[in-house]
Amino acid sequence: MTGTTEALSGSAAVDNAARSVTRPFYIYAVLTNTLFQRGVFVLFLQQRGFSAAQVALLQTLLYLVSALAELPTGVIADRVGRRASIVIGQMLIAGCLLGQVAFSNYWVFLALFIGQGVGMACVSGSDTALLYDLLVRRGATASYVKVKSRFTMLGTVTSGAAIVLGGQLQQISWGVVYIGSAACLALAVVVLMSRVPEIRGADAVDEQDGAEEKHSDATAWRAMLRVATPALVTLVVVSGLMHATLTPYIIFTQKTLSDQGAGTALVSVVISAGFFAGGLTPLLSDRADRRIGYRVIVPVSLLTLAAALGLSGLGLVWVTIAAFLALVGIPEITAVIVDNVFNEAVPSRHRASLLSMIAFVESALIGIGYLVLGALMDGLGSSVGMATYAAVPLLACLLWFPVLFRGARVTTEIEKPADQKAS
């Protein structure tokens, strides 16, 4: 009985420690996802006089620049500070949003989207690394999956609400939409600066009680070579292909539904509902991680995506809607679980750098995915193009099967925090 009581009190202590870290992050998640232009920015660009090809080029440029900037910004985050990198990134994004509403020249927009891509790279990897290492400092990394699932849920649900509200604000003016988004990003920076302590790579190592002294690496590249097991590399590629399927699928579902006969009002409602579904399902991540594990949930998500794309290819609008709403949330569960695996696999000294390398792969594959799916939909039609693109998650599933059946290790014991080893 005493042992049970001690275990319960220990669990409560971990939960209390996690809550003290996560409250400002939850506020940050809400503010940084209150982007009113997200659901109507294509209409805004079209009203600026840009063609569909020019809009597609801006989106591709955004992701490719973000991918290329991941590596240097990750190194800066580890050396200068992860909070500092996030602040720089969010303010850069806010400035670019203000620039978009102030100018109409396409060449200026190219420069603004490049700047926005760099800002995204500054934030990517740094926010996760900062959150994870603050939990390490409090001995609460066992709560990371639960924390990250709530963080994701708040961000995605807020994004869905902001999309609906953005359409209403646009009736006032585009300035209200874009200035409102920039103001929310500025408030998020204020929350970080006032409520979240700074952590650098070296600071994070100090919290490991010497766990990495035997394997200290001078550079992120050496650290990556040490932890890059074949299973980890495969997981990075497979996760990238999953994101390269999910992200274009969500965006291009708008066109697919429109081509299948859905009106603009119905399309907006379906996409908004998809964001809400994708925001709520990550709350199941902790339970899925404990009961199923990432080895099984990865192929399940990939097959789910392939099924959704295949059903969209039937050309029946209500089947496409049902598949989208029922299946779009499952990969979001997997994303949270896999994110935890990546954090466990990389050493604290270079966590932001290594997570940025992983994000580089994902961003590059997403950018390529946009081009491939767009070309398939142009050449074969939206429905058939969607169905053909199902080959991507199926390929990823085939790549994962050797890891699944051979039981290869993704993480190693030396990279895990002391509290996880003890458990």
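About the cut-offs
- Residues numbered from 1 in each chain as written.
- Predicted model: local features only at pLDDT ≥ 70, side-chain atom pairs only at ≥ 80, totals over all residues.
- Heavy atoms only, no water.
- Helix = DSSP H or I, 4+ residues; strand = E, 2+ residues; numbered from the N terminus.
- Buried < 20%, exposed > 50% of the residue type's maximum accessible area, 1.4 Å probe, protein only.
- Contact = heavy atoms within 4.5 Å.
- Areas by Shrake-Rupley, 256 points an atom, 1.4 Å probe, with all protein chains shown as cover.
- Patch = residues over 30% accessible without salt bridge, like charges linked within 9 Å, V, L, I, M, F, W, Y side chains within 5 Å.
- Salt bridge = Lys/Arg side-chain N within 4 Å of Asp/Glu carboxyl O.
- Lys, Arg positive; Asp, Glu negative; His and termini not counted.
- Charge placed at Lys NZ, Arg CZ, Asp CG, Glu CD.
- Phe/Tyr/Trp six-rings, centres within 6.5 Å; stacked < 30°, edge-to-face > 60°.
- Expected span 1.5 Å × (residues − 1).
- Bend = angle between axes of the 7 residues up to and from the residue.
- Core = buried A, V, L, I, M, F, W, Y, C linked by side-chain atoms within 4.5 Å.
- Axes fitted to C-alpha atoms, helices over the stretch in contact; angles between N-to-C directions.
- Parallel < 35°, antiparallel > 145°, perpendicular 65-115°, else oblique.
- Left-handed = near helix turned anticlockwise from the far one by under 90°.

A. Summary view of the overall build of the chain. Helices and strands together make up the secondary structure of the chain, namely 20 helices and zero strands. Burial status across the chain gives 55% buried among its 423 residues. Of the contacts made within the chain by residues no fewer than 6 positions apart, 88% connect residues no fewer than 24 positions apart. Counting only carbon and sulfur atoms, one obtains 66% of the accessible surface of the chain, whose full area is about 17,600 Å².

B. View of a positive patch on the surface. Residues Arg19, Arg23, Arg150 and Arg195 make up a contiguous surface patch of positive charge. Within the secondary structure, Arg23 is located in helix α1 (residues 2-32). Here Arg23 falls in the partly exposed class, since its relative accessible area comes to 49%.

C. The arrangement of the environment of Tyr249 in detail. The residue Tyr249 is located in helix α11 (residues 230-259) in this model. In sequence terms Tyr249 and Val328 are 79 residues apart; their C-alpha atoms lie 9.1 Å from each other. With sequence-adjacent residues up to four places away left out, Tyr249 is seen in contact with Leu305, Ala308, Leu309, Ser312, Ala323, Phe324, Leu373 and Met386.

D. Spotlight on the packing of aromatic side chains. Per the counting criterion, the structure on display carries 10 aromatic pairs. Look at Tyr28 and Phe151: their rings are 6.5 Å apart centre to centre, the planes differ by 20 degrees, and that puts the pair in the stacked class. Pair noted here: Tyr28 is in helix α1 and Phe151 is in helix α7 (residues 144-169), with a separation of 123 residues, a long-range link. Through a chain of ring-to-ring contacts, three or more aromatic side chains come together here, namely Phe44, Phe50, Tyr106, Phe109, Trp174 and Tyr178.

E. Seen up close, helix α19 (residues 391-406). Over its 16 residues, α19 extends 24 Å from the first C-alpha to the last, a length consistent with the 22 Å expected when each residue adds 1.5 Å. Along its length, α19 shows its largest kink, about 35 degrees, at Trp400, and proline Pro402 lies within four residues downstream of that point. Buried within α19 we find Val392, Pro393, Ala396, Cys397, Trp400 and Val403. Considering only its buried residues, α19 is in contact with α11 and α14 (294-312).

F. Examining a nonpolar patch on the surface more closely. A contiguous nonpolar patch, built from Val233, Val237, Leu395 and Leu399 and spanning about 290 Å² of accessible area, is present on the exposed surface. Those elements giving two or more residues to the nonpolar patch turn out to be α11 and α19. Inspection of the secondary structure assignment puts Leu399 in helix α19.

G. Spotlight on the nonpolar core. In this structure, Tyr249 and Phe342 are the most contacted members of the largest nonpolar core, which totals 55 residues. Those elements that place two or more of their residues in this core are α11, α12 (264-280), α14, α15 (317-327), α16 (330-345), α17 (351-380) and α19. The greatest single-element share of this core, amounting to 13 residues, is contributed by α11. Judged by nonpolar contacts, the second largest core, of 25 residues, contains Phe50, Ile93, Phe113 and Leu169.

H. Focus on the packing of α11 against α16. Put simply, α11 and α16 touch, their axes get as near as 11 Å, and they point 150 degrees apart. If you check the angle between α11 and α16, you find them roughly antiparallel. Crossing of α11 over α16 shows left-handed handedness. Residues Leu232, Leu235, Val236, Ser239, Met242, His243 and Leu246 of α11 pack against Pro331, Glu332, Thr334, Ala335, Val338, Val341, Phe342 and Ala345 of α16.

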